[in-house]
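Chain residues, written in single-letter form:
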Amino acid sequence: MKNIFSKSLFFLALVLMLFSCSNNSGVQYTINIEDSLKDISDQKEIEMTWTKELESVRLVRDVSKYPSVAANVKISPEVMAVSISDNPPVFPLLDGFGSLDVTLISSDLYVFLDNFCDKLKEWQFDESLLDETAIPSVLLFKYDIEQLWQTDVRLLNDTIYGEPFFDSDQIMVPVRLSNEKVYIDFNLYIKQDGDFKLNQIELNRFESD
């Protein structure tokens, strides 16, 4: 009996000790982990040395619009890549005529071409614009057009210039004269020696209804 009583007291004491340790550990070892991490982070930020911003203006700039993109176009990485690229401009091609890139035609050459073609639309040739070597080709050109077009040729009103080609001492410029019924394609070979002078005219195509 005494042995049983002793064992009962031992187990009771053990239960009370475990209960006591359980309550004490909850109070004794409580740690607020969130506050501790925040303190550590704040301290690290205070101690950290920041470098100067490399693109401070760019970081605050509004990039929702771009000058070369229409306002109604939604900005995307693909649109931005195209809008800021250095690709050369694309010029249209006229079937059977060639490129309409006239960026290499100087203002002085434009004056010469306009003067010559304005006269030609009236079926006249300004001798002051002709080099002496141009006379045979001018006469042949005039004869061919009159044979091909059995009507009043003084009805051409539209003029198109094509991409010029440069040789050592002359320039070749494709030209189209047209109206609603006919068009004439020809090349002007222009001598560049001080003033511009026509060196040769060459008929390429004549089309009519």
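Our structure's up above, just so we're on the same page.
For the structure given in this document, a descriptive report is provided here. Remember, predicted model here, so these are calculated numbers, not experimental data.

Rules behind the numbers
Residues numbered from 1 in each chain as written. Predicted model: local features only at pLDDT ≥ 70, side-chain atom pairs only at ≥ 80, totals over all residues. Heavy atoms only, no water. Helix = DSSP H or I, 4+ residues; strand = E, 2+ residues; numbered from the N terminus. Areas by Shrake-Rupley, 256 points an atom, 1.4 Å probe, with all protein chains shown as cover. Salt bridge = Lys/Arg side-chain N within 4 Å of Asp/Glu carboxyl O. Buried < 20%, exposed > 50% of the residue type's maximum accessible area, 1.4 Å probe, protein only. Polar contact = N/O pair within 3.5 Å; in protein donor to acceptor, adjacent residues only side chain to side chain. Contact = heavy atoms within 4.5 Å. Expected span 1.5 Å × (residues − 1). Arc of directions from axis to C-beta. Phe/Tyr/Trp six-rings, centres within 6.5 Å; stacked < 30°, edge-to-face > 60°.

Looking at the overall build of the protein
Move 1: Across its full length, the protein holds six helices and seven strands.
Move 2: Each helix and strand of the protein, ordered N terminal to C terminal, gives the series α-α-α-α-β-β-α-α-β-β-β-β-β.
Move 3: As displayed, the protein has an accessible area near 15,900 Å², and 56% of this comes from carbon and sulfur atoms.

Some thoughts on the pattern of salt bridges
Move 1: Summed over the entire model, instances satisfying the criterion amount to four salt bridges.
Move 2: Where D185 meets R176, a salt bridge forms, and the shortest distance between an N and an O atom there is 2.6 Å.
Move 3: The buried category is assigned to R176, whose relative accessible area is 10%.

As for the side chain of S99
Move 1: Residue position: S99 is located in strand β2 (residues 98–99).
Move 2: According to the relative accessible area criterion, S99 is buried, its value standing at 16%.
Move 3: In terms of polar contacts, S99 uses its side chain to reach the backbone amide nitrogen of D101, at 3.1 Å.
Move 4: Not counting residues up to four positions away in its chain, the partners in contact with S99 are F91, P92, L93, G162 and E163.

Comments concerning unusual backbone geometry
Move 1: With a phi angle near 60°, W123 is a residue other than glycine that sits in the positive phi range.
Move 2: Considering the arrangement of structural elements, one finds W123 in the loop between α5 (107–120) and α6 (135–148).

Some points on the environment of E207
Move 1: Along the chain, E207 turns up in strand β7 (residues 195–208).
Move 2: Residue E207 is classed as partly exposed on the basis of its relative accessible area, which comes to 36%.
Move 3: For E207 and V182, which are 25 residues apart along the polypeptide, the C-alpha to C-alpha distance reads 5.5 Å.

So, the environment of D193
Move 1: As for its position among the elements, D193 is in strand β6 (residues 182–193).
Move 2: By relative accessible area, D193 is classed as exposed at 57%.
Move 3: Through-space distance from the C-alpha of D193 to that of D169 is 7.2 Å; in sequence the pair is 24 residues apart.

Regarding α6
Move 1: Here α6 contains 14 residues, and its C-alpha end-to-end distance of 20 Å stays within 8% of the 20 Å for a straight helix at 1.5 Å per residue.
Move 2: Among the residues making up α6, those that are buried are S137, V138, F141 and I145. Buried positions in α6, seen along its axis, are confined to an arc of 100° and lie on one side of it. In α6, the exposed positions angled more than 90 degrees off the buried face are occupied by P136, L139 and L140.
Move 3: Close packing links the buried residues of α6 with α5, β6 and β7.

Quick look at the packing of aromatic side chains
Move 1: Counting across every chain of the model gives seven aromatic pairs.
Move 2: Between F116 and F125, the aromatic rings sit 6.4 Å apart at their centres with planes inclined by 65°, giving edge-to-face as the arrangement.
Move 3: Note on F116: relative accessible area 2%, which makes it buried.
Move 4: Residue classification places F125 among the buried residues on the basis of a relative accessible area of 19%.
Move 5: Geometrically, the ring pair formed by F141 and F186 is edge-to-face, given 5.3 Å between the ring centres and 65° between the ring planes. A residue pair is termed long-range when its members are at least 10 positions apart, and F141 in helix α6 and F186 in strand β6 qualify at 45 residues.

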